[in-house]
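In case you want the letters, here they are:
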Amino acid sequence: MGELSPLGLLRDGLAWVLVLGGSGFMLVGGLGVLRMPDFYTRQHAAGITDTSAAALILFALLLFAPDFLVAAKLVLILMFLLLTSPTASHALAQAAVASGVVPLADDWRTGENREAGRESAKDAGAGSGPASGERQ
Amino acid sequence: MLFAVASLAVAVSMLFALIRALAGPSVFDRILAVNMFGTKTVLLIAIAGFFMGRPEFLDIALAYALINFIGTIAVMKFFRYRTLGLPRGGEDLGDL
C-alpha cells in the first residue's frame, strides 16, 4: 500500500473508508452487547457486528487481494458469514422465546409490562435479564 | 496501519464479547457472546493473514467460520432438547 499511483491512492482511500466504517460498527456493536438491557436488544447489537462490520472489513481486505484465489476465498468467507449468522441469530432467538425469556419492552397492545415483578431498570447492564429456564 | 486499526477494533470488540460471555445472566447471552466471539475470530485471522503478508491464513478462517456455526447450532440444540441426538418428545420438534 505504498505506491503513489492514482489507482493505488484510490484503493487506499476506499480501503480506509471501509475499514473505518467497519471498525465503527464493530465498536458500537461490542459496546451494545456489553451495555444493552436485555437479551433481545443484545442480540440486535451482535447482529450489527456479524453482518455490517464483517462485510465492510472483508470488502476492505478484498481490495488488497494479490490474486484471484485469495479474492475467491474472501468472497467465500463473506458468503458463509452472511448465510450462517442470520441463521444462528434466528435459531437463538427462537430457542430463547421457546424457553420463556420475556422481552423487556412493553406489550404493544395493552401498554403494560409483560413481566409483572420486574424492578425498574436501574442496573440495566448487570443482572436484570430474566432467568433462562423460567416459563411464564 | 490500516490492518492495525481494523485488528485493534476487532480485538476490542472481542474483549467486550468475552466480558458478556463471562457475566451474561442467562445461557442465551453466553451463547450469543460466544458466537459473536467466533465471528470476530474469523475476521481477526483474516486480517492477521493480510497483516503478515500471508493470505494463506484465509483457509484457517474459512474452516473456523464453519466450525463456529456448527458449534453454535449444536450448543443451542443441546440446551433446548437436552440431547444431541433426535428430539425425544413430539414429532414436530425437529426444526432446530
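Nothing here was measured: the structure is a model prediction, and the numbers come from that model. Note on numbering: residues in each chain are counted from 1, in written sequence order. Both sets of labels track the order of writing: A upward for chains, 1 upward for ligands. Side-chain atom pairs in this predicted model are given and counted only at pLDDT of 80 or more, local residue features only at pLDDT of at least 70, and totals for whole chains, interfaces and linings cover all residues. Side-chain numbers come from the whole structure's heavy atoms, not from hydrogens or water.

A.B. asks: In this structure, what is going on with the interface of chain A and chain B? I would like to understand it.
C.D. replies: How large an interface is tends to be reported as the accessible area lost when its parts come together. The criterion used for residue contact is that any of the two residues' heavy atoms lie within 4.5 Å. Contact with chain A, which involves 51 residues of that partner, is made by 41 residues of chain B. Between chain A and chain B, a total of about 4100 Å² is buried, with carbon and sulfur atoms accounting for 81% of that surface. The salt bridge criterion pairs a side-chain nitrogen of Lys or Arg with a carboxyl oxygen of Asp or Glu, the two atoms within 4 Å. Linking chain A with chain B are 3 salt bridges, by the criterion used here. In this structure, the salt-bridge partner of B:Lys40 is A:Asp50, at a minimum N-O distance of 3.7 Å. Under this definition, polar contacts are N or O atom pairs within 3.5 Å; protein pairs additionally need one hydrogen-donor-capable and one acceptor-capable atom, and for neighbouring residues in sequence, both atoms have to be side-chain atoms. In this structure, the connection of chain A to chain B is made through 7 residue pairs in polar contact (both at pLDDT 80 or more). Under the DSSP-based scheme used, a helix requires at least four consecutive residues in state H or I and a strand at least two consecutive residues in state E, with every element numbered from the N terminus. Where the side of chain A that touches chain B is concerned, the elements lending two or more residues are helix 1 (6-35), helix 2 (39-62) and helix 3 (68-98) of chain A. Looking at the side of chain A that touches chain B element by element, the count peaks at 16 residues for helix 3 of chain A. Taken together, the residues that form the side of chain A that touches chain B break down as 35 nonpolar, 12 polar and 4 charged. Two parts placed together each lose some accessible area under a 1.4 Å probe, and adding up what both lose gives the buried area. Each residue gets one label: Ala, Val, Leu, Ile, Met, Phe, Trp, Tyr, Cys and Pro are nonpolar, Asp, Glu, Lys and Arg are charged, and the others, such as Gly, are polar.

A.B. asks: What exactly am I supposed to notice about empty space enclosed by the protein here?
C.D. replies: Space left empty within the atom packing is revealed by a probe, the size of a water molecule, rolled over the atoms. Using only the protein atoms, space was sampled on a 1 Å grid; points where a 1.4 Å probe fits but cannot get out form cavities, open sets with protein on both sides within 12 Å along at least five of seven lines form pockets, and lining residues are those with an atom within 4 Å of a point. Grid points are joined across faces, edges and corners, and a volume is the space filled by probe spheres set on the points. Per the stated rule, a full pass over the model turns up 2 cavities of 30 Å³ or more. Approximately 80 Å³ is the volume found for the largest cavity. Elements with a contribution of two residues or more to the lining of the largest cavity: helix 3 of chain A together with helix 2 (27-51) and helix 3 (57-81) of chain B. With 4 residues, helix 3 of chain A is the largest single contributor of residues to the lining of the largest cavity. When grouped by side-chain class, the residues that make up the lining of the largest cavity number 5 nonpolar, 5 polar and no charged. There is about 30 Å³ of room inside the second largest cavity. Along the walls of the second largest cavity sit A:Gln43, A:Ala46, A:Gly47, A:Asp50, A:Ser89, B:Leu32, B:Asn35 and B:Met36, which together make up its complete lining. Elements that contribute at least two residues to the lining of the second largest cavity include exactly helix 2 of chain A together with helix 2 of chain B.

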